[in-house]
Amino acid sequence: DLNDFDSETESVCPFCGVGCKVSLKVKDGKVKYVEGINGPANEGRLCVKGRFGFDYIHHPHRLTTPMIRRDDAPEKGLNVDPSDLSTHFREATWEEAMALAGDRLSQLRDTHGGRSVAGFGSAKCTNEEAYLFQKFIRQGFKHNNVDHCTRLCHASSVSALIENVGSGAVTATFNEIENADVAIVIGSNPIENHPVAATYFKQFTKRGGKLIVMDPRGVGLRRFATEMVQFRPGADVSMLNAIMHVIVEEELYDQAYIEKFTENWEAEKAHLKGFSPEAMSEICGIDPDQLRRVARTFANGKAGLIFWGMGVSQHIHGTDNSRCLISLALMTGNVGKPGAGLHPLRGQNNVQGASDAGLIPMFLPDYQSVTDDGIRKAFTDVWDSDDFSNEKGLTVTEIVDQVYAGNIKGMYIQGENPAMSDPDVDHARDAFAKLDLMIVQDIFLTETANFADIILPASALYEKNGTVSNTNRQVQRVRPAVTPPGDAREDWKITVELAQRIGLDWAYEDVSQVFDEMKINMKSLNNITWDRLKTETITYPSLTPTDPGQAIVFGDGFPREDGRARFTPASVIPPDEVPDAEYPMIMTTGRQLEHWHTGSMTRRSLVLDAVEPEANCSLHPKTLRRMGVEPGEMVRLTTRRGSINIMARADRAIAEDMVFVPFAYVEAAANILTNSAIDPYGKIPEFKFSAVRIEKA
Ligand code: SF4
């Protein structure tokens, strides 16, 4: 009976960056079902994860009490049974666990210096929790070695956007596709990864909009595409430069826009001369005629949007890939007007907000540089604290390397699972086993928590109060529908107490006080108040106290010194690891519709796990035949980092020299295989391209 519930609470889906608004119906202290409601990003729609993937919050594996590693525990490793933690951990009171955590963090800081401790915050947490986490590391340990999963997701996109348009967020909401007549979706599989956003893309084609889908995999959106451009993995720059070459050659660019709003056009134009479709066709694998057609279709549109995902960002040339997309939008005058813009589709539900809140080693909140003395002072004045380091901090993978080298001895990890998500996870797991102190704050015994010394039971999003910001820059309230199980606590409360335990004078009693403090130094929150958020979703920037926010930005110029966006030419750089006789195929990784990131939540959801229960990889049927493998049989994938055995599926949409491996499955962890080589600007690993050998298992 759908009318049989005790209470209903509005919140936001905990999974992808679309940020669908939901109503949670609660019966007897448990969420009974979830309905989509009329949020600006979803207008009542939900995907299978949002609709059915809520029950993980009531899973029996939830952590309900603080745990401390036993003195007689076996050696650290991926060896704890999540249904019986007692072999490795003993239960503790909050008082004992927090006293121990505070004492040991302080001891490391006082003995080895603040840099002996680093932190990973989380995009699964609220804006307020992300803000407090970065403040905890910066104020408590006086450095910037704090990061989160944005490093593994869109760091290169953000680096190119900040460099060339002056801001790391999207210039237009995805809903602006309603006003577009042409759109590019590149390196993104929205039908699986941003399913509700994909419904808007499908509606756009129904109205006659021209959709250009570009991806090395034949992703599902190809069924709706005017053009499907299935290019060679890692060949983004050659393909995009060839398209821009045509726009220059045929003078399809918007001269008036370029003159008014941009700089460095002549250099870009000159650079593009060497990238004719004929010259690039061999590299990107696309016929010159199709490259010309795509160039004309996009440039001749009245308003065009460009969406991209991790297929663009997760390369050693990820920043260059994004630079090309920015140049393409700028030369066609497609920023700052209805139906036009740049939109990197964000992955986790609050990766935009956590980045905005300063959970980044180079930036304080609102992307304000840690190297600027005045900016640091503005923050330390509010925090009533001494100055901290003016050096950019270490990123996720750099922190893991420093842990491995023994220079970082303690870590505080909130809601992230680097023992599954780091590239080269075997290296990460070896590193974590060496730590003197690992504090993990999470809702489940994640793979990372296997290595913990102290585990702090935290809260799921449907148990939290605060705000989150989606891919559209829309700030929305989340509210607790149910209480955390047992003694588990909201994350922000745990961080506040831990701060007090290491000697910081923090005295927040309500999460709204954290939000009010964030507003002091975050211009993006101007005119956005806790009171307004009780009833409104607000798209930052909000220009007046009643403005619902700006769906499109930069109509009058860019937030760069001279108000102009910049063309930054990009050259072709080969992948870090090209296939050879020993490793002749290409492996790419990603997500599936049913499973979210490292699977810690969705694999504990009854429906989602029933729909997609087993680790699998996708290969072309011809490749399987050549290997003598039937669909459903096991194959062995080997790279220079390691091997996994995994079930093979046939997929005609994948190129014959490629394999696609989802990264949600611990029993066949894709990141044992992935390459940790990084983009020099965004420092994002090259998850999308590893040379691999495939054999029948
Ligand atoms: Fe949740 Fe994303 Fe699905 Fe919306 S599209 S219901 S935010 S997973």
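The model shown is predicted, which means the values in this text are computed figures rather than measured ones. (Residues numbered from 1 in each chain as written. Predicted model: local features only at pLDDT ≥ 70, side-chain atom pairs only at ≥ 80, totals over all residues. Heavy atoms only, no water.)

## Here's the deal with the packing of helix α7 (residues 236–249) against helix α11 (residues 288–300)
Formally: In this description, a line fitted to the C-alpha atoms serves as the axis of each element, helices being fitted only across the stretch in contact, and the angle between N-to-C directions of two axes falls anywhere from 0 to 180 degrees. Only DSSP runs of H or I with at least four residues qualify as helices, and only runs of E with at least two residues qualify as strands; both kinds are numbered from the N terminus onward. Put simply, a crossing is left-handed when the front helix is turned counterclockwise from the back one by less than a right angle, and right-handed when it is turned clockwise. Throughout, a contact is declared for two residues whenever any of their heavy atoms are within 4.5 Å. The residue classification treats Ala, Val, Leu, Ile, Met, Phe, Trp, Tyr, Cys and Pro as nonpolar and Asp, Glu, Lys and Arg as charged. All others, Gly included, are polar.
One can describe the packing of α7 onto α11 by two numbers: an axis separation of 9 Å at closest approach and a directional angle of 65°. α7 and α11 meet at a crossing whose hand is right-handed. Contacts between α7 and α11 pair Met-239, Ala-242, Ile-243, Val-246, Ile-247 and Glu-249 from the former with Leu-291, Arg-292, Val-294, Ala-295 and Ala-299 from the latter. A class-by-class count of the residues in the contact of α7 with α11 yields nine nonpolar, no polar and two charged.

## Side note on the environment of Val-400
What counts here: Only protein chains enter the calculation, and the probe is 1.4 Å; a residue is then buried if its accessible area is under 20% of its type maximum, exposed if over 50%, and partly exposed in between.
Its location among the elements puts Val-400 in helix α16 (residues 396–404). Residue classification places Val-400 among the buried residues on the basis of a relative accessible area of 1%. On a C-alpha basis, the gap between Val-400 and Asp-422 in space is 8.6 Å, while along the polypeptide they are 22 residues apart. Residues contacting Val-400, with those up to four places away along its chain left out, are Phe-120, Asp-422, His-427, Ala-428, Ala-431 and Phe-432.

## Some details on the side chain of Thr-9
Mapped onto the elements of the fold, Thr-9 is located in strand β1 (residues 7–12). For Thr-9, a relative accessible area of 14% translates into the label buried. Here Thr-9 is in contact with Val-22, Ser-23, Leu-24, Arg-479, Pro-480 and Ala-481, once residues within four sequence places are set aside.

## Considerations on helix α2 (residues 94–112)
We count it as follows: A helix is expected to reach a length of 1.5 Å times the quantity of its residues less one. Note: the arc covers the axis-to-C-beta directions of the helix.
Taking 1.5 Å as the rise per residue, α2 with 19 residues should run 27 Å; its terminal C-alpha atoms sit 26 Å apart, in good agreement. By the burial criterion, the buried members of α2 are Trp-94, Ala-97, Met-98, Ala-101, Gly-102, Leu-105, Ser-106 and Leu-108. All buried residues of α2 lie within an arc of 155° about the axis, which places them on one face of the element. Of the residues in α2, the exposed ones pointing more than 90 degrees away from the buried face are Asp-103, Asp-110 and Thr-111. Phi turns positive one or two residues past the end of α2, at Gly-113, with a value near 95°.

## Comments concerning the site of the ligand
Put simply, the test is: In this text, near means that some heavy atom of the residue lies within 4 Å of the molecule or strand in question.
Taken together, Cys-13, Phe-15, Cys-16, Gly-19, Cys-20, Leu-46, Cys-47, Lys-49, Gly-50, Pro-195 and Val-196 make up the full set of residues adjacent to the ligand. For the shell around the ligand, a count of residues per class yields eight nonpolar, two polar and one charged.

## A closer look at the packing of helix α4 (residues 155–165) against helix α13 (residues 318–331)
The cut-off we apply is this: To sort the angles, those under 35 degrees are grouped as roughly parallel, those over 145 as roughly antiparallel, those from 65 to 115 as roughly perpendicular, and the leftovers as oblique.
Between α4 and α13, the shortest axis-to-axis distance is 8 Å and the interhelical angle comes to 45°. On the basis of their axis angle, the class for α4 and α13 is oblique. In the packing of α4 onto α13, the handedness of the crossing is right-handed. Touching Ser-156, Ser-157, Ser-159, Ala-160, Leu-161, Glu-163, Asn-164 and Val-165 of α4 are Gly-318, Thr-319, Ser-322, Arg-323 and Ile-326, all from α13. When its residues are assigned to classes, the contact of α4 with α13 shows four nonpolar, seven polar and two charged.

That's the geometry; what it means functionally is another story.
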